[in-house]
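Tertiary structure, described
The chain contents come next:
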Amino acid sequence: MLTARLASHRRTMGAVISLVALAILVPLLLLALPESSALHVPSYLVALFGKYLCFALLAVSLDLVWGYCGILSLGHGAFFALGGYAMGMYLMRQIGTRGSYADPILPDFMVFLNMKALPVTWWGFNHFAYAMLMVLLVPGILAFVFGFLAFRSRVNGVYLSIITQAMTYALLLAFFRNDMGFGGNNGLTDFKDIVGFNVQADATRAVLFSLSALALATALVASQAIVVSKFGKVLVAIRDAESRARFVGYRVENYKLVIFTLSAMMAGIAGALYVPQVGIINPSEFQPTNSIEAVIWVAVGGRGTLVGAALGAVLVNFGKTYLTGAFPSAWLFALGALFIVVTIFMPKGILGLLDPRRRRAPPRKDAPASVEAAIDANVPVDR
Amino acid sequence: MTAALAKEKDMRVKTMMDLATAALIALKTSASDADRIAAIKTVAAHGDREALAVLDQVAAASTGAVKAEADAGHAAVTTKLALWGYAQNAWYGLSLGSVLLLAAIGLAITFGVMGVINMAHGEMVMLGAYATFMTQELIRTRYPALFDYSLLIALPVAFAMTGAIGMLIERTIIRFLYGRPLETLLATFGLSLILQQLVRTIFGANNREVGAPAFMAGTTQIGGLSITYGRFWIIIFAVTVFIALQMLLRLTSFGLRIRAVTQNRRMASAIGINTNRADGLAFGLGSGVAGIAGVALSQIDNVSPNLGQSYIIDSFMVVVFGGVGNLWGTLVAAFTLGIGNKFMEPFAGAVLAKIAILVFIILFIQKRPRGLFALKGRAVEA
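Quick caveat, the model's predicted, so the values are computed rather than measured.

1. Brief notes about the interface of chain B and chain A
If you look at the interface, chain B gives 55 residues, while chain A gives 55 residues. Carbon and sulfur atoms supply 72% of the area buried between chain B and chain A, which totals about 5,100 Å² over both sides. Our count for the contact surface shared by chain B and chain A stands at one salt bridge. Where chain B touches chain A, the interface holds four residue pairs in polar contact (both at pLDDT 80 or more). The set of elements that each furnish at least two residues to the side of chain B that touches chain A consists of helix 5 (64-114), helix 8 (181-203), helix 10 (253-263), helix 11 (265-270), helix 13 (309-322) and helix 15 (350-367) of chain B.

2. A word on the confidence of the model for chain A
Residue and element names in this part refer to chain A. Overall, the predicted model of chain A reaches an average pLDDT of 87, with 92% of residues at or above 70. This model gives residues 359-369 a pLDDT under 50, and the stretch forms six contacts once residues within four places in sequence are excluded. This model gives residues 371-383 a pLDDT under 50, and the stretch forms 37 contacts once residues within four places in sequence are excluded.

3. Describing the packing of aromatic side chains
Within the structure shown, the criterion is met by 31 aromatic pairs over all chains. The interplanar angle of 80 degrees and the centroid separation of 5.8 Å between the aromatic rings of F79(A) and F260(A) together place this pair among those described as edge-to-face. Of this pair, F79(A) sits in helix 3 (residues 76-95) while F260(A) sits in helix 10 (residues 252-278), and the two are 181 residues apart along the sequence. Take F79(A) and F260(A): they sit in the same class, and that class is buried. Residue placement shows R303(A) over the ring face of W66(A); its charged tip is 4.5 Å from the ring centre. Between R175(B) and the ring centre of F176(B), over which it is positioned, the NZ or CZ distance is 5.8 Å.

4. Overview of the domain arrangement of chain B
With domains assigned, chain B is organised as domain 1 (2-62) and domain 2 (98-307). Relative placement of domain 1 of chain B and domain 2 of chain B: their C-alpha centres are 54 Å apart.

Rules of the game
Residues numbered from 1 in each chain as written. Chains lettered and ligands numbered in written order. Predicted model: local features only at pLDDT ≥ 70, side-chain atom pairs only at ≥ 80, totals over all residues. Heavy atoms only, no water. Contact = heavy atoms within 4.5 Å. Buried area = accessible area lost by both parts, 1.4 Å probe. Salt bridge = Lys/Arg side-chain N within 4 Å of Asp/Glu carboxyl O. Polar contact = N/O pair within 3.5 Å; in protein donor to acceptor, adjacent residues only side chain to side chain. Helix = DSSP H or I, 4+ residues; strand = E, 2+ residues; numbered from the N terminus. pLDDT = per-residue confidence, 0-100. Phe/Tyr/Trp six-rings, centres within 6.5 Å; stacked < 30°, edge-to-face > 60°. Buried < 20%, exposed > 50% of the residue type's maximum accessible area, 1.4 Å probe, protein only. Lys NZ or Arg CZ within 6 Å of the ring centre and 35° of its normal. Domains from an automatic or database assignment.

So, in structure tokens, the structure goes:
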């Protein structure tokens, strides 16, 4: 037990140190070295890996709720997208008179849709601080309200997954509508500046990359602190035996609500860092499949390992970039197979394969994921 | 006009001319009030949008008793049209409900028996639609005389094909994941991606054309209600499938075993039911029913690799709303959601109506986490 904790601590520290090193090195390699140098990092790669780091942050946030508390949320893609939209709205307001219609206040699509005044939802987004607050608050409040209702009524297991998916789907439909005032089908794009710096410039990209790396490192440290605390122990207890935790006297719904809200805010930050690096946010980010894909990143790396989740996100997305380029039709086969292989053969993911305990006593193949799952195995519906 | 009317034999022409004469009299200010009121009554009895326009004109051009009569007639016609409007909405709702029922009923069986959400269920519907396409192609090229029966022939083909694939999936993937419903959800999602891509590779990404047999083409008019035969037969078909499944589950020993496993797996196992086998058969049955749903849906939707995706979330909603372990719940849920959706559409728009339905279900689940018709049982977690 102690060795396992030490190993997990060492893993987190290792990941944090490498991320900080990346945050310092990559901008140097991009900016200080001439393009002819062998060590020069091209700017498109910086943006690409910056994107992976945002996905990794999303995966860590999902691992907190799924890996440690057993809540399989299919709504984290939506929290990610909401954070992204908050950032996108700030970036839209920064365009100012440089848009095609040169309206100082209204973004292009609003002029195009004949809107006369800025909708209330857009007020204040010209201030960076307000936009950043919204990046946290919008996903946070949605998760809080949703979680408050769902956990109090003891909606759990597959039912919770399904209604989080319904929430994501409803948001997808809503953001596709033009009269929502968020750019409809086309979303928000053509960004120019972020806090006064050109979003296309190499230096800005390098800084955004570093910020993503640092955000991921901070998230890993914070999540590690949460899961080793007493609060984290209760979360694991809830995951493994929810009713037992409740009978022992813990207010299960409060624990779930806190971690769900925190995790949604983390996903929102990931979305906010993602948008300036890819230069667009549109409703397709709300696709329910995106949320499920995020779950598989966590499963590939190893659920309940934090670092594994981040690693899984980077690896799967790297594979996606490579395969969609090299063999376009193979990617969906590969992704589908990944879902099946990981859930059946590697329930602990990549880090599970590297686990030092595995060498001594290999885990039983048919071991259920949790105590309650074992009970479920016998009585799946009769609960 | 009156002379022509007396000679006319064809009933429909006669009615039209009747109406025209009445409209002329009603509009003629020189005619006597009694004649005009009688004419207004004739026009109002006709009760469609044209009659409404005539009555509007009459009311505007006259005073006193005639005007009062025209206004009364106007009100009566408006009410009648509104009622027909409701009936039309209800019809659209029934039609949507029957589609939802078809898509969801197979899912209800697998979810009910195994507590497992099969994310590849939509792909089973899609495969059923492609089975219809292949059957029809074969018939078109080899036995064109049988074309009108192609859908009937496709039904057993689709059932057998998707049922067999379902049992294969159960044997090779799902049975390794019993007791881990969330992992099953992920694995079956992976499977759905593979099936979609497989169909895309074999048949191409474009829509495939599935023809309608003669008895399913065309529309008919009942009062103010316009009914397409295709939709009509799909409602009949959905209800037939529902009744057949109910009978299978209620009246056969196979159904008895499935119900026993749904209600209490350990007890069923203790009295000698092979629960493994029941799982496999239930999964095959659920998938087979999805396949025959695909036969019906090939008539109203594009047969493309994405066909299943458009139904899967709706099917979940129906099953979760209706509750597990009781097909009546699925029936009530499908028609409630279908009719609710169509009644909201006229004033909320299609997208907003759908969002409202989703939000309604999310809130409903908070109140009744186990759906409309929850299975009662001794439970640690209720």
